[in-house]
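Observations on the three-dimensional arrangement
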Amino acid sequence: MSSVLYDVPGPKARRVSLIGSIIGTVAIAGLLWWAISILAQQGIFEAERWAVFQIPDVWALIGNGIVATLTAAAVAAVIAFPLGLVLCLMRISDVAWIRIPTRIVLEFLRGMPVVLMMFFVLLVFATGSFVAVVAGLVLYNAAIFAEIIRAGIQSLPKGQREAGLAIGLTSFASRRSIELPQAIRRMLPSLVAQLVVLLKDTSLGYIVSYEELLRKVQIMADFLGPDYLFPVFFVAAAIYIAINFSVSRLAIWIEKRGSKKAAGGVVHVPVAGIPATK
């Protein structure tokens, strides 16, 4: 058996790979044991340092931070994705005076730091911290979504568009009905990855005084003292990981569901007297 990308490893290569994997696993386990030992010597795992999470007010504060984080991320995503679709269509337009300025705008937005855009909206337009955070996330992620979808469209066979134009569809109708659905489905993993980045970037709202999860945790750590710094930020990191993992799993479920529907909706043309089926 062979591969078109690389030669199948032989017995010696497999043995070397196995040895390397064992050494790597042992090294990682050793580093983890060393880190845990250092933390244990500092008293990080003492029960009294974690007893703070038995206080309802602590979880109320964390809950408010989670709600603020998810609210900013949800509003930004709902606005950024449709805006990204529009920018993508403008970016690949056949009209030069639409395509070229859009390309310049997208390159500018992609190159600007998100926190700088938040500061710009906050200071120039004198908005609240929530609007500044959402605006910064929308501007940056709409540009990224546009480029991801554009890459998906360009990865499709040229025959897809040519077939749409051949049956009488306009250029826009072909984009909307034939190319965009396929491109979005093909680029769904990248779109989800960018949604996770968007969610994590809400933590930049801390700089413009938006009280999302990270800022709430910082307030709590300042109030409780340095002894509780590690437990508080450890719990915050676990919450971020849990939320991002949930978003990824939801996207995988949506992708599988969409694939099943697409497979179930294929129409078979009758051939040689065989009746068509769906």
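These numbers were taken from a predicted model, which means no experiment stands behind them. (Residues numbered from 1 in each chain as written. Predicted model: local features only at pLDDT ≥ 70, side-chain atom pairs only at ≥ 80, totals over all residues. Heavy atoms only, no water.)

**Focus on the packing of aromatic side chains**
This model, assessed by the stated rule, comprises eight aromatic pairs. Summarising the aromatic geometry, the rings of Trp50 and Phe234 are spaced 5.9 Å apart at their centres and angled 85° between planes, so their arrangement reads as edge-to-face. Taken as a pair, Trp50 in helix 2 (residues 47–50) and Phe234 in helix 11 (residues 229–264) lie far apart in primary sequence, 184 residues in all. The class of Trp50 is partly exposed, set by a relative accessible area of 25%. Judged by its relative accessible area of 45%, Phe234 falls in the partly exposed class. Here Phe120 and Phe125 contribute two aromatic rings whose centre-to-centre distance is 6.0 Å and whose plane-to-plane angle is 80°, an arrangement assigned as edge-to-face. You can call Phe120 partly exposed: its relative accessible area is 48%. Assessed through its relative accessible area of 56%, Phe125 is described here as exposed. Three or more aromatic residues link up through ring pairs in this structure, and these residues are Trp50, Phe53, Trp59, Phe230 and Phe234. (Phe/Tyr/Trp six-rings, centres within 6.5 Å; stacked < 30°, edge-to-face > 60°. Helix = DSSP H or I, 4+ residues; strand = E, 2+ residues; numbered from the N terminus. Buried < 20%, exposed > 50% of the residue type's maximum accessible area, 1.4 Å probe, protein only.)

**Quick look at the confidence of the model for the protein chain**
Within the protein chain, residue pLDDT values average 82, and 89% of them lie at 70 or more. Mean pLDDT across the elements of the protein chain ranges from a minimum in helix 7 (residues 158–166), with 77, to a maximum in helix 6 (residues 129–154), with 92. A low-confidence stretch, residues 266–278 (pLDDT under 50), is modelled with nine contacts involving residues beyond four sequence positions or located in other chains. (pLDDT = per-residue confidence, 0-100. Contact = heavy atoms within 4.5 Å.)

**Some words on the pattern of salt bridges**
Counted by the stated rule, this structure contains four salt bridges. A salt bridge links Glu147 to Arg110; its shortest N-O distance comes to 3.8 Å. Of the two residues, Glu147 sits in helix 6 while Arg110 sits in helix 4 (residues 96–111), which places them 37 residues apart along the sequence. Given a relative accessible area of 12%, Glu147 falls into the buried group. By relative accessible area, Arg110 is classed as partly exposed at 35%. Of the charged contacts, one joins Lys216 and Glu211 as a salt bridge, the two residues approaching to 2.9 Å between their closest N and O atoms. Taking relative accessible area as the criterion, Lys216 reaches 11% and is therefore assigned buried. Since its relative accessible area comes to 38%, Glu211 is described here as partly exposed. Salt bridges sharing common partners tie together Glu107, Arg110, Glu147 and Arg150. (Salt bridge = Lys/Arg side-chain N within 4 Å of Asp/Glu carboxyl O.)

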